[in-house]
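Take a look at the letters that make up each chain.
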Amino acid sequence: MSRRARAKRERISDTVGGPPPWDALSAALAGGAAAPPRSDAEIRTVSVGEPQVLDDQILLVAYEPEWPALFAREAERIRRILGSRVLRLEHVGSTAVPGLSAKPVIDILLVVPDSTNEPAYASDLEREGYVLRIREPDWYEHRLFKGPDTNINLHVFSPDAREEIERMIRFRDLLRSNPAERDRYEQRKRELASRTWRYVQHYADAKSGVIESILARTAETTSPA
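With respect to the confidence of the model for the chain
(1) Moving on: Confidence along the chain averages 85 in pLDDT terms, with 82% of residues attaining 70 or more.
(2) Moving on: Across residues 1-26, confidence stays below pLDDT 50; counting only partners more than four residues off in sequence or on other chains, it has 93 contacts.

Structure (structure tokens):
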């Protein structure tokens, strides 16, 4: 199994927990390529702290012009805390795309020299109120922190996670520059968000098929003949 395929099966990057309602409609809305949801055991293996149960629909809100400012405030604080250990810091996810509805959670991509060396960066973040929630050794050594006063997902990777880092940036930039794909993605998100999910992560997992299909389709249209 390739690392990309393994990533689809193992990815846990948000609020986590047990199996959601996963049926033919869910798979169809996800685009048919999304991985099945993680089990409680799989999720608890990578979760730091107790998973939070949703058992509800997903709240999507209209794009807020303040989201870039919230990112900028967090970025300034992270750079102050970590200094030269910040190799890359990007606003990613739906809140980074003007005009796109989103969960009101700011997704931030942070690249450090070695995400596995937590004492070299996590301790300083935690002293400032950031909380480690996810540790994924088998998925690009991904770490996820929640913020001290703003609802964020701080995704931490090392430079050798280049495949996933570039995928996140490419998808963001694609949606920023392609209104048709942005609207198509929003429609699928709203269809999925209207369903009841036990955990937020399973909604995120369900979107993976849509994301991969958009990336593949646009890659085909931009490839030289």
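Let us keep going from here.
Thoughts on the sheet that holds strand E2 (residues 106-111)
(1) Moving on: An order of E1-E2-E5-E4-E3 is seen for the 5 strands of this open sheet, with the pairing classed as mixed. Each end of this open sheet is capped by a strand with a single partner; those strands are strand E1 (88-92) and strand E3 (131-136). Across this sheet, the average inter-strand angle for adjacent strands is 20°, counted without regard to direction.
(2) Moving on: Pairing geometry for E3 and strand E4 (residues 142-146), over 5 bridges, is antiparallel. Note on E4: the bridge partner recorded for Arg135 is Arg143.
(3) Moving on: Seen against the sheet, helix H4 (residues 67-82) touches E1, E2 and strand E5 (152-157) and runs at an angle of roughly 160° to E1.

Looking at the nonpolar core
(1) Moving on: Ranked by size, the top nonpolar core spans 22 residues in total, and within it Leu110, Phe145 and Leu154 carry the most contacts.
(2) Moving on: Elements with a contribution of two residues or more to this core: H4, E2, helix H5 (122-127) and E5.
(3) Moving on: Among the elements that line this core, the one with the most residues is H4, at 6 residues.
(4) Moving on: When residues no more than four places from it in sequence are discounted, the contact partners of Phe145 are Tyr121, Ala122, Leu125, Glu126, Tyr130, Val131, Leu132, Arg133, Ile152, Asn153, Leu154 and Val156.

A short note on helix H7 (residues 179-193)
(1) Moving on: Over its 15 residues, H7 runs 20 Å from end to end, which matches the ideal 21 Å to within 8%, given 1.5 Å per residue.
(2) Moving on: Of the positions making up H7, those classed as buried are Glu181, Arg182, Tyr185, Glu186, Lys189, Leu192 and Ala193. Down the axis of H7, the sector holding all buried residues measures 135°, keeping them to one side.

Things to note about the environment of Pro137
(1) Moving on: Examined against the element boundaries, Pro137 turns out to sit in the loop between E3 and E4.
(2) Moving on: For Pro137, a relative accessible area of 45% puts it in the partly exposed group.
(3) Moving on: As for Pro137 and Val46, which are separated by 91 residues in sequence, their C-alpha atoms are 8.1 Å apart.

Topic: the pairing of E4
(1) Moving on: Buried residues dominate E4, accounting for 5 of its 5 residues.
(2) Moving on: Neither face of E4 is open: one carries His142, Leu144 and Lys146, the other Arg143 and Phe145, and all of them are buried.
(3) Moving on: A loop of 5 residues connects E3 with E4, the two strands running antiparallel in sequence, and Tyr140 in this loop sits at a positive phi of about 60°.
(4) Moving on: The antiparallel pairing of E4 with E5 creates a hairpin that spans 5 residues between the two strands.

Here's the deal with the side chain of Arg133
(1) Moving on: Residue placement: Arg133 occurs in strand E3.
(2) Moving on: Exposure remark for Arg133: the relative accessible area of 15% places this residue in the buried category.
(3) Moving on: In contact with Arg133, other than residues within four places in its own chain, are Val46, Ser47, Val48, Glu50, Gln52, Leu144, Phe145 and Lys146.

Structural notes on the pattern of salt bridges
Pairing between side chains of opposite charge can happen when their charged atoms approach one another.
(1) Moving on: All chains considered together, the criterion is met by 21 salt bridges.
(2) Moving on: For Asp183, the salt bridge is made with Arg182, and the minimal N-O distance between the two is 3.3 Å.
(3) Moving on: The exposure class assigned to Asp183 is partly exposed, which follows from its relative accessible area of 41%.
(4) Moving on: The network of salt bridges with common partners includes Arg88, Glu90, Glu166, Arg172, Asp173 and Arg176.

Considering the environment of Ala62
(1) Moving on: Within the fold, Ala62 resides in the loop between helix H3 (40-46) and H4.
(2) Moving on: For Ala62, a relative accessible area of 53% gives the class exposed.
(3) Moving on: Through-space distance from the C-alpha of Ala62 to that of Pro104 is 9.0 Å; in sequence the pair is 42 residues apart.
(4) Moving on: When sequence neighbours within four positions are dropped, the list of residues in contact with Ala62 reads Trp67 and Ser101.

About the criteria used
- Residues numbered from 1 in each chain as written.
- Predicted model: local features only at pLDDT ≥ 70, side-chain atom pairs only at ≥ 80, totals over all residues.
- Heavy atoms only, no water.
- pLDDT = per-residue confidence, 0-100.
- Contact = heavy atoms within 4.5 Å.
- Pairing = 2+ DSSP bridges.
- Helix = DSSP H or I, 4+ residues; strand = E, 2+ residues; numbered from the N terminus.
- Axes fitted to C-alpha atoms, helices over the stretch in contact; angles between N-to-C directions.
- Core = buried A, V, L, I, M, F, W, Y, C linked by side-chain atoms within 4.5 Å.
- Buried < 20%, exposed > 50% of the residue type's maximum accessible area, 1.4 Å probe, protein only.
- Expected span 1.5 Å × (residues − 1).
- Arc of directions from axis to C-beta.
- Salt bridge = Lys/Arg side-chain N within 4 Å of Asp/Glu carboxyl O.

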